[in-house]
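Residues per chain, in single letters:
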Amino acid sequence: MIPYLPAGPLAFPERLLRPFRIANRYGLFAVMTRARYEIEFQGTEDGATWVAYPFRYKPQDPAEAPGIYAPYQPRFDWNLWFASLGSWREYPWVLEVEGRLVERSPDVLALFRRDPFAGAPPRQVRAVLWQYRFTSRAERRATGRWWRRRLLGPYAPAVERRPDGSLGLQQSAGE
């Protein structure tokens with residue numbers, strides 16, 4: 001039994017909506033995780049200071065309110081959320097995105113709010129994994145933050161431009 005699903009009688013919202021047959025526990029999101037896991041792409045010019053590529057639609061800045069984008073479905077952000085629930089080896093396109101960011105691909109840069117390197121290609125790009133949770137009402141009032149986030153570590157190996165101009169993996173990341 002999954003501990004965070006109500007056992008026994010139907011949960012209040014489902015019981016209330018059942019006569020209208022518009023909601024139930026079945027489907028793609030029948031079980032939701034309590035925390036949200038997010039992949040973030042970061043680049044560096046010096047190998048020491050990492051700068052995040054800002055997303056258009058995903059949570060990132062803890063002080064930024066969550067957005068509603070319906071009926072639009074931001075597919076890149078959506079697919080990153082699914083990738084965050086698995087390994088980079090299951091989602092090798094994450095490494096492809098890293099490589100395209102090192103190459104400054106206009107099509108890939110357009111998926112982000114802006115280019116944090118404004119014209120100069122980063123030396124390396126990596127993907128890290130964050131865990132997000134909503135703040136409590138009291139915490140939100142006190143800090144103005146919507147999210148609490150905790151860095152879980154590397155999601156995928158960093159891609160770097162080698163001296164000969166080719167791209168390669170800088171390091172190995174865990175599963």
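Residues numbered from 1 in each chain as written. Predicted model: local features only at pLDDT ≥ 70, side-chain atom pairs only at ≥ 80, totals over all residues. Heavy atoms only, no water.

Asks: Before we go on, may I ask you to explain the packing of aromatic side chains in this structure?
Replies: Aromatic ring pairs are defined here through the distance separating the ring centres and the angle between the ring planes. Applying the stated rule across the entire model yields twelve aromatic pairs. Seen from their ring centres, Tyr132 and Trp147 are 5.7 Å apart, and the 90 degrees between their planes marks the pair as edge-to-face. One end of the pair, Tyr132, is in strand S3 (residues 124–134); the other, Trp147, is in strand S4 (residues 147–161), and 15 residues separate them in sequence. Trp147 carries the same exposure label as Tyr132, and that label is buried. Ring geometry for Phe134 against Trp147: centres 4.3 Å apart, planes inclined by 20 degrees, an arrangement best described as stacked. On the criterion of sequence distance, the pair formed by Phe134 in strand S3 and Trp147 in strand S4 is long-range, its members being 13 residues apart. Given the relative accessible area of 49%, Phe134 is considered partly exposed. (Phe/Tyr/Trp six-rings, centres within 6.5 Å; stacked < 30°, edge-to-face > 60°. Helix = DSSP H or I, 4+ residues; strand = E, 2+ residues; numbered from the N terminus. Buried < 20%, exposed > 50% of the residue type's maximum accessible area, 1.4 Å probe, protein only.)

Asks: Help me out: how do you make sense of the sheet that holds strand S5 (residues 167–169) in this one?
Replies: In any sheet, the strands associate via hydrogen bonds between backbone groups, in a parallel or an antiparallel arrangement. Pairing is antiparallel across the open sheet formed by five strands, whose spatial order is S2-S1-S3-S4-S5. Strands with a single pairing partner mark the edges of an open sheet, and in this sheet they are strand S2 (51–52) and S5. With two bridges joining them, strand S1 (residues 36–44) and S2 adopt antiparallel strand pairing. Note on S2: the bridge partner recorded for Gly43 is Val51. Across the sheet, helix H2 (residues 75–84) touches S1, S3 and S4, and the angle it forms with S1 is around 110 degrees. Lying on the sheet, helix H3 (residues 93–102) is in contact with S1, S3, S4 and S5; it crosses S4 at an angle near 70 degrees. (Pairing = 2+ DSSP bridges. Contact = heavy atoms within 4.5 Å. Axes fitted to C-alpha atoms, helices over the stretch in contact; angles between N-to-C directions.)

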